[in-house]
Amino acid sequence: EDKVVQSPLSLVVHEGDTVTLNCSYEVTNFRSLLWYKQEKKAPTFLFMLTSSGIEKKSGRLSSILDKKELFSILNITATQTGDSAIYLCAPAKEAQKLVFGQGTRLTINP
Amino acid sequence: KAGVTQTPRYLIKTRGQQVTLSCSPISGHRSVSWYQQTPGQGLQFLFEYFSETQRNKGNFPGRFSGRQFSNSRSEMNVSTLELGDSALYLCASSLSLWGDTQYFGPGTRLTVL
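Residues numbered from 1 in each chain as written. Chains lettered and ligands numbered in written order. Predicted model: local features only at pLDDT ≥ 70, side-chain atom pairs only at ≥ 80, totals over all residues. Heavy atoms only, no water.

Asker: Honestly, the overall build of chain B in this entry has me stumped. Any pointers?
Answerer: The helix and strand tally for chain B stands at 0 helices and 11 strands. Written out in order from the N terminus, the α and β elements of chain B read β-β-β-β-β-β-β-β-β-β-β. When each of the 113 residues of chain B is scored for burial, the buried share is 50%. A separation of at least 24 residues holds for 54% of the contacts in chain B among residues at least 6 apart in sequence. Carbon and sulfur atoms make up 48% of the accessible area of chain B, which amounts to about 5,300 Å² in all. Both charge centroids of chain B, one from 11 positive and one from 6 negative side chains, sit 5 Å from each other. (Helix = DSSP H or I, 4+ residues; strand = E, 2+ residues; numbered from the N terminus. Buried < 20%, exposed > 50% of the residue type's maximum accessible area, 1.4 Å probe, protein only. Contact = heavy atoms within 4.5 Å. Areas by Shrake-Rupley, 256 points an atom, 1.4 Å probe, with all protein chains shown as cover. Lys, Arg positive; Asp, Glu negative; His and termini not counted. Charge placed at Lys NZ, Arg CZ, Asp CG, Glu CD.)

Structure (structure tokens):
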């Protein structure tokens, strides 16, 4: 059975801190891994990772995938209150089926 | 380019009724996937459609069904509603069937009383 575990489940930090969110997975027919940010609405796309060891960056956010060890991390530097959200990790299987983790709830305090 | 749109945004039904939700993908996107999100189970895959054909299905009972039209718009239907069907139903679209990013719509919040 497919399994996606995100850690920590919840994280509270101060503005300006750097955070690392973890995602480990065991899915059959793995094709890629996606990260989404969800506030009080639909998930918004952050990254899609297909190759091991290649870091993807977007502003203060970056992510990397390790297909051998079956995990990915999402880093956020110089956090801001607007980064408060649930971050979802989702390996993509055959076709476009995403298997979501339970998410990490990140709270940034001013 | 307009994003994924879903209608209605909110819906209240009673047990035993049926409901139809609609999703219009981003222009040019041909793949539409549906997900159910609940506090207890998180986001779970329902099914995916491409070129009017269901390509993939999650582990949901047969009360959950869907279809896709020639313009890529999709509908999902839930018959004989149960209290446990209360959830946020999200639709996501992508360009094709393989290896493309999925973009989510705002969702339909279904409450079953």
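Asker: Mind showing me how you'd approach the interface of chain A and chain B here?
Answerer: Where the parts come together, the accessible area they lose is often given as the size of the interface. Tallying the contact residues gives 15 residues for chain A and 22 residues for chain B. Here chain A packs against chain B, burying approximately 1,600 Å² in sum over the two surfaces, 57% of which is carbon and sulfur. If you look at where chain A meets chain B, you find 0 salt bridges. For the side of chain A that touches chain B, the elements supplying multiple residues, two or more each, are strand E4 (32-38) and strand E5 (44-49) of chain A. Looking at which element gives the most residues to the side of chain A that touches chain B, the answer is E4 of chain A, with 3 residues. Of the residues belonging to the side of chain A that touches chain B, the class tally is 10 nonpolar, 2 polar and 3 charged. (Buried area = accessible area lost by both parts, 1.4 Å probe. Salt bridge = Lys/Arg side-chain N within 4 Å of Asp/Glu carboxyl O. Nonpolar A, V, L, I, M, F, W, Y, C, P; charged D, E, K, R; others polar.)

Asker: Would you mind showing me how to read the sheet that holds strand E1 (residues 3-7) of chain A here?
Answerer: Strand pairs in the sheet, formed through backbone hydrogen bonds, run parallel or antiparallel to each other. All names here are of chain A. Spatially, E1-E3-E8-E7-E6 is the arrangement adopted by the 5 strands of the open sheet, whose pairing is antiparallel. The sheet is open, and its two borders are formed by E1 and strand E6 (56-58), each paired with just one other strand. Averaged over neighbouring strand pairs, the angle between their axes works out to 15° when direction is ignored. Where E6 and strand E7 (residues 61-66) come together, 3 bridges link them in antiparallel fashion. Directly across from Lys-56, in E7, lies its bridge partner Ser-63. (Pairing = 2+ DSSP bridges. Axes fitted to C-alpha atoms, helices over the stretch in contact; angles between N-to-C directions.)

Asker: Is there a simple way to explain the pattern of salt bridges in this structure?
Answerer: Oppositely charged side chains are able to pair whenever their charged atoms sit close together. Scanning the entire structure with this criterion turns up 6 salt bridges over all chains. A salt bridge links Asp-2 of chain A to Lys-93 of chain A; its shortest N-O distance comes to 2.8 Å. Residue Asp-2 of chain A is found in the segment before E1, and its partner Lys-93 of chain A is found in the loop between strand E9 (85-92) and strand E10 (104-109); the two are separated by 91 residues along the sequence. What makes Lys-93 of chain A buried here is its relative accessible area of 4%. A salt bridge links Asp-85 of chain B to Arg-63 of chain B; the shortest N-O distance between them is 2.8 Å.

Asker: Help me understand the nonpolar core in this model?
Answerer: Across soluble globular proteins, nonpolar side chains show a tendency to be buried alongside one another. Val-4, Leu-33, Trp-35, Leu-46, Leu-74, Tyr-87 and Leu-106 of chain A are the most contacted members of the largest nonpolar core, which has 22 residues in total. Ranked by the residues each element gives to this core, the list is headed by strand E3 (residues 19-26) of chain A, at 4 residues. Those residues in contact with Leu-106 of chain A, other than ones at most four positions away along the chain, are Leu-11, Val-13, Val-19, Ile-76, Asp-83, Ser-84, Ala-85 and Tyr-87 of chain A. Residues Val-4, Leu-46, Phe-47 and Phe-64 of chain B belong to the second largest nonpolar core, which totals 21 residues. (Core = buried A, V, L, I, M, F, W, Y, C linked by side-chain atoms within 4.5 Å.)

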